[in-house]
Each structure stands twice: as C-alpha cells, then as structure tokens.
Amino acid sequence: MRLLRRTSFVSAAALLAVLGAPFGHAQTRRPMTLLDLMAMERLVDPQLSADGTRVMYQLNHADWKADRRVGHIWTKRVTGGAPVQLTFGENGETSPRWAPDGKTILFVRDGQIQLLPADGGEARPLTKHATGVSSPAWAPDGSAVYFLALDPKTNEEKEHDRLKDDLFSFEDNPKQRQLWKATVATGAEQKLTDGDLSVLDFRLSRDGRRVMLQRAPSTSPSDAYRGEVWMMDANGENARALTHNEISENEAQLSPDNSQVMFLAEANQQLESYYNQTIFLEPAAGGAPRLLVPDFPYEIEHAAWAPDGRSIFAVVNMGVHSEIFQIDLNGRPKQLTDGRHSIPPGGWTLVAVASRIVFQFDEPTRFGDAWTLPLSGGTPVRVTDVYDSLDRDFRLPRQEKIAWKGADGVAIEGLLIYPLEYEAGKRYPLVVQLHGGPQTSDRFGFAVGSSGWNEYVQVLTAKGYAILRPNYRGSSGYGNAFLRDPIGGYFKNMHLDVIAGVDALVTQGIADPDRLAVMGWSAGGHLVNKLITFTDRFKAASAGAGAADWTSMYAQTDQRAPWRAAWFGGTPYQPNAPIDTYWNQSPLKYVANVKTPTLFIVGQDDQRVPMPQSVEMYRALKANGVPTRLYVAPREGHNWIELRHQLNKANVELEWFERYVTGRAYVAEKAPAE
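About the thresholds
- Residues numbered from 1 in each chain as written.
- Predicted model: local features only at pLDDT ≥ 70, side-chain atom pairs only at ≥ 80, totals over all residues.
- Heavy atoms only, no water.
- Helix = DSSP H or I, 4+ residues; strand = E, 2+ residues; numbered from the N terminus.
- Rg over C-alpha atoms; globule rule 2.2 N^0.38 Å.
- Buried < 20%, exposed > 50% of the residue type's maximum accessible area, 1.4 Å probe, protein only.
- Contact = heavy atoms within 4.5 Å.
- Areas by Shrake-Rupley, 256 points an atom, 1.4 Å probe, with all protein chains shown as cover.
- pLDDT = per-residue confidence, 0-100.
- Pairing = 2+ DSSP bridges.
- Expected span 1.5 Å × (residues − 1).
- Polar contact = N/O pair within 3.5 Å; in protein donor to acceptor, adjacent residues only side chain to side chain.
- Axes fitted to C-alpha atoms, helices over the stretch in contact; angles between N-to-C directions.

### Quick notes on the overall build of the protein
Summing up its helical and strand segments, the protein has 13 helices and 39 strands in all. Here the protein has a C-alpha radius of gyration of 25 Å; the compact-globule value for 674 residues is 26 Å, and the two agree. Considering only C-alpha atoms, the protein reaches an extent of 75 × 70 × 60 Å along its principal axes. When the 674 residues of the protein are sorted by exposure, 58% land in the buried category. Here the contacts in the protein between residues at least 6 apart in sequence split such that 56% fall between residues at least 24 apart. Total accessible area on the protein is roughly 27,300 Å²; 49% of this is exposed by carbon and sulfur atoms.

### As for the confidence of the model for the protein
In the predicted model, the protein carries a mean pLDDT of 93, and the fraction of residues at 70 or more is 95%. Segment residues 1–26 is flagged for pLDDT under 50; beyond a separation of four residues in sequence, or across chains, it makes 56 contacts in the model.

### Concerning the sheet that holds strand β10 (residues 124–125)
Strand order in this open sheet of four strands is β7-β8-β9-β10, and the pairing throughout is antiparallel. The two strands at the open ends of the sheet, each matched to only one other strand, are β7 (94–98) and β10. Both strand β9 (residues 112–117) and β10 contribute to a ladder of two bridges, which runs antiparallel. Along β10, the bridge assignment pairs Gln114 with Pro125.

### Let's talk about helix α12 (residues 611–623)
With 13 residues, α12 should cover 18 Å at 1.5 Å per step; its first-to-last C-alpha distance of 18 Å lies within 8% of that length. Within α12, burial applies to Gln613, Ser614, Val615, Met617, Tyr618, Ala620 and Leu621. The elements touched by buried residues of α12 are α8 (523–534), α9 (550–556), β38 (598–603) and β39 (628–633).

### Remarks on the pairing of strand β16 (residues 210–216)
The element β16 is largely enclosed, with a buried count of six among its seven residues. Examined bridge by bridge, strand β15 (residues 198–204) and β16 share six bridges and lie antiparallel to one another. The residue of β16 that forms the bridge with Asp201 is Gln214. Hairpin connection of β15 to β16: five residues between the antiparallel strands, including Gly208 at a positive phi of 80 degrees. Bridge count between β16 and strand β17 (residues 228–233): six bridges; the pairing is antiparallel. Bridging across to β17, Gln214 finds its partner in Val229.

### Examining the environment of Arg629
Checked against the element boundaries, Arg629 lands in strand β39. On the basis of relative accessibility, which here comes to 34%, the residue Arg629 falls in the partly exposed class. Remark: the alpha-carbon pair of Arg629 and Val615, spanning 14 residues in sequence, is separated by 10.0 Å. Those residues within four positions of Arg629 in sequence are excluded, and the remaining contacts are Thr598, Leu599, Phe600, Tyr618, Trp656 and Arg659. Of the polar contacts made by the side chain of Arg629, one reaches the side chain of Tyr631; its length is 3.2 Å.

### Structural notes on the environment of Asp393
With respect to the element layout, Asp393 can be found in helix α4 (residues 388–393). Judged by relative accessible area, which is 2%, Asp393 ranks as buried. In this structure the C-alpha to C-alpha distance between Asp393 and Thr28, which are 365 residues apart in sequence, comes to 7.7 Å. Among the polar contacts made by the side chain of Asp393, one reaches the side chain of Arg392 at a distance of 3.2 Å.

### Quick look at the sheet that holds strand β24 (residues 311–317)
Read across the sheet, four strands follow the order β23-β24-β25-β26 without closing on themselves; strand pairing throughout is antiparallel. Of all strands in the sheet, those with a lone pairing partner are β23 (299–305) and β26 (333–335), marking the two edges. Direction aside, neighbouring strands of the sheet carry axes that sit 30 degrees apart on average. Of the pairings in the sheet, the one linking β23 to β24 comprises six bridges and is antiparallel in character. Residue pairing across strands places Ala303 opposite Ala314, the latter belonging to β24.

See below:
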C-alpha cells in the first residue's frame, strides 16, 4: 500500500463551520462549542529537515470510534504550498523524525519503529521489539536508530500470569527501561544499557560518538530525583555517572566539541531543590556543575547548544508568555522573540545543520502552528496554516494580562479573558481557573493553560462568563522567592492571591461579586479545596484531582519527591514528624466550613492524586448537607485520554455553573455518531 497522498488540508473545525453555516458564513462568525473545540486538530512535535526546506509534524484528530485522538504524520514546505499527509495507519503514528540526509523518515506505529521514504513509497518495519519502543533518535550518520524500551517479562513471569499466580510485592522489581540501537541496514537490535537502573532520557553527541543519559532507580516519578547524568560511548561501553546529588536533571547534552555537559535542573548553585528550572554546565571529564545564569528571574523550560558551542538557546517561561532566548557562556541572555504567545511542551527543536529552530507558538487565535527562526536571529516565520479557520469562522475571546497586589502587597499577575459580548461598565459572572503544578504558569494562547482539554475558555466566554487565570504564588516564571512561597506551609499565600485577584476585578466593575465560580485540576484542585473551606464567596466550584488530606496524600501519590516534604517541613514518617503542619494545611481539617456547591472529579486510575482524596472531600460535603457530586472516570489516570470522558467532564461542570451561578438551564452537548 502506498502511504504518500497529496492532500489539500482542511481542518475538521473549519469543515464543521462550513457545513453548519449559511452562505456568507465569514461575515457570521459564531461562538465555539465543546464539539468545535474537540474537533480541532492538535499539531505536535514539529521537526525541521536538515536542509531547512520542510517541516514534518504529527497532527492529531478526534476519532470518536476509537474514543481518543489519533495522530498522523504530515509535511509542509517552508516556502509554502499544500501540506502532504504521509501516514494513514488505523491506530495512528507518533514521533516523526527526519533521517540526517532527509531521504527517509521514521515514526512509531503500534509500538514499533517504521521507516518510510520521504518522497513516498512503502513503509517498512525497523524494529520487532518484545516491548513497545519510545524516544527514537537517528545516529548522526543515519546508520542506526536509538530507542528506549522496557525490559520484557520473563518466561517464569508469563507462566505466573497464565496461572493467575500473580501475587506481587508492591513497588519492588519494576521493569527497567533500557537504551537500544537498531541497525538500519539489517534491523539488528543491540541492547546498550542493562541492570537495575532505568534510562529516563538520552541524547547523542553531535559527532555520534557518545550518549548522554539520565538514569534512575526506576521509571517511577518518585525516583526521578534519585537519578543522575551519565555518559557512555555510543556502543554502550565506558558508562560513568557525572553527577552525584539529590536533584532531578533533564535534557543533558554534550557541547559540540564534547568538552562540556549542559543539563537543566530545578535547583540552586548548592544543588538544593525547589527552584525555577535553570541551566547547569559541567566539564565532561567531571567536576562541579555551575549555574550558567545565577540571577535569572525566569524559568528555563528547554535548552540546546548552539552549533559553535559558544552559546545556548533556550525556551524561557516569563510568566504569562514564553520566549526564545540565546545565552552566551558568560551567562548574558538575549531575548529573540516577544509576544502574546506561549511555546507548548515538546514544541521546539534546534536543528544545528539547518542553523534554525523549529517551534510552535500557541496564540489566542491559533492553537500551536509551526514556526521557524534562524539562529542568527530575525523575525520568526510561520510555516503551517492548520489554524487559519479559527479566527475566520469563530468569534474568539479577548485575552489581556492583568496585575494586582496580594494581601501583603506582593505583585501578582494573570490573564483576564473577556466574555464575547463584553460591554464596558457591565458586570459579568466570573469563573476563576487555577493552573496545576503549582510550578507552572498560565500564559497567552488558545489553550491558555497547561492542560488544554480541561479549560474550554472559548465556550465559557461564549456563555457570558469572564475568566480569571491567576499566576498565584508558587507559580514559576516569577523568580525563586515567588516559586518557593509554599515551602514550610503550602497554603500560605496562594488562596489570598486568588481572592485579591477576584477583588481587583470586582473593583474594576468587570466581575459580579454575586456570580463567582472556581475550578482547577491537580494543584488547581488542591487550591479549589482550600478556597471553599476558606470563603463562601463562590457560588459553585469544581475540584478536579484535588488533595484533601496531605498526610494520606503523601502515602498514596506516585510522586514523593523532596519538594513534597519541603512544603511541610519533613515527611510524615520521620522522627518528630511535622504532622501538625500536614494537618493544618489539609482542606479536610476545615471542611465543616464549606457552603459552596462543589463537584469533585477524578480518574479512577489516577496515581498522582488518587481517587480517595476526592472521595474524602465528597463524603464530607455530603454528610454536611452541602450540594455535591463526585464523578469518576474509569480507565483514566491523571490526564484523561478518552474523548467522551473529556466531553462529559465539561458538560457536568457547565451544568453546575449554570445552575448555581447564573440560574440558567444547560443542554449538554452529545458526542457525534461514530
């Protein structure tokens, strides 16, 4: 079957708009619905060819029959023209990567690597691995592909499974993830790492002679801080650890001349944890790592060496927007982009041989098209037009940065998103949306926050709500003192910053103080739980995957990194444990104060903030006669995958807000027929 087909691209959102609108629809732009949002394709993982002429990317669409998003691989010339769809597999494809010579691409389908001529033809399997593979990367000479894969079950383990003799020791003997290499000419696979350490990430040196790795005791998030940076030869020999600390390192990579190692870590110069992520440099021969930019006031999210090794390019979180910087080896930063946008996770790659960066800008009217920028600087150039239809066919809300003072006078900022029919001097119902983390920030963009499936701001504003997204204390991108505010007592200023933001909008005449709602997920859910125990100003609330009791949460969660103990002054299990601090910061302690009708929503298989936390809050409110419901999504973890679950979550929240905030009826949107 030939896999290359030239296709004139029309987004699903645009198609829905055209089919559902009369002639002249461009003059009758309509508000977005939940189904419009879910019909939007999601462009992810843009990759630039070595000659800089083509961008390849994964485009995910809503497959209601599969009840999830399915991705296929597309390419588009930087100079223009119609995009070309390269793959059409029923289950989709991920991880597209150009071969160094640009003649072949690889992608992952059904857990295995396949190779496809870039100009069309038949795909052929490269791997037939016993377990699914991930993170494929070409060797610089194109002769091999490196990848990660979990160790398979032994024959003895398979026999135990067959007999259902499957009693297991909790958290013992996890399957480790190892680095492998597959030879392109023959498909022969070679295991490069082994033993009781998992490879979390890896990067090949520019010359292909060495590999940088992050290795940890297991793949568990709780073990990430116990991992270290390793270096070894590309054939797996001479492996050695370069770091020895208690912080989690990320994106370790060798300089072009192989003399220095760069990595990112949420640490200070003393390698103490819980700081804004920043860049460290260390001699490849070994030695103490040093901060590249000691007093940098922002968060560095991603970084890569310049081709000449004299500087580092980075994606920098500056609070309500993120930008690309160039930082020389003396720590002098130079900002290369500036605007009302953000760069989504995984949305950037530096291509040394092309002397360009390919990246995504998530903008208020564009959900992450692909752009390029010369390393020499200049004006970014947009390559894809996946989201042209959004501003043309839909009425989209206005976003603004807003600033106010916290209760103690500290400057706080966030985003204000206006109702579609906004009129100055008129008050509107307000939904406060709280980001997760809390070590992140809400930024300009179509998705606005870090979990775009969870927010649907375009639908809320179409229904007349204003939205406040506060970057309360604990958020990243505002300096270390701001980030570290939760240490020693988690809810010190977060809730006060949120209330001060609401007060600012009431004072400005935008928010109606009698029509307030609040919602959040993960750390945002924790904060919702705190707010409803602290004030009865909100008429409705939705707490998604929120914590109730920090002591039980510490035992239940899959992530017990040192920063959890830092919040409360130690672990609950140590001698003279700070149990009082854990309990005093727990929303459950004050749950008798709650008067706000509140939804609790959680995935049944959530390991990060497990379901019992939501059950505790729900049962407490129900016992006290407060209107409440608990919605549980089977098969879902912390970040939901199934489309119907995502749609139903939004429906139940919208119905709840309409009932208790505006008094209006709500008609739920239904999933389309398969």
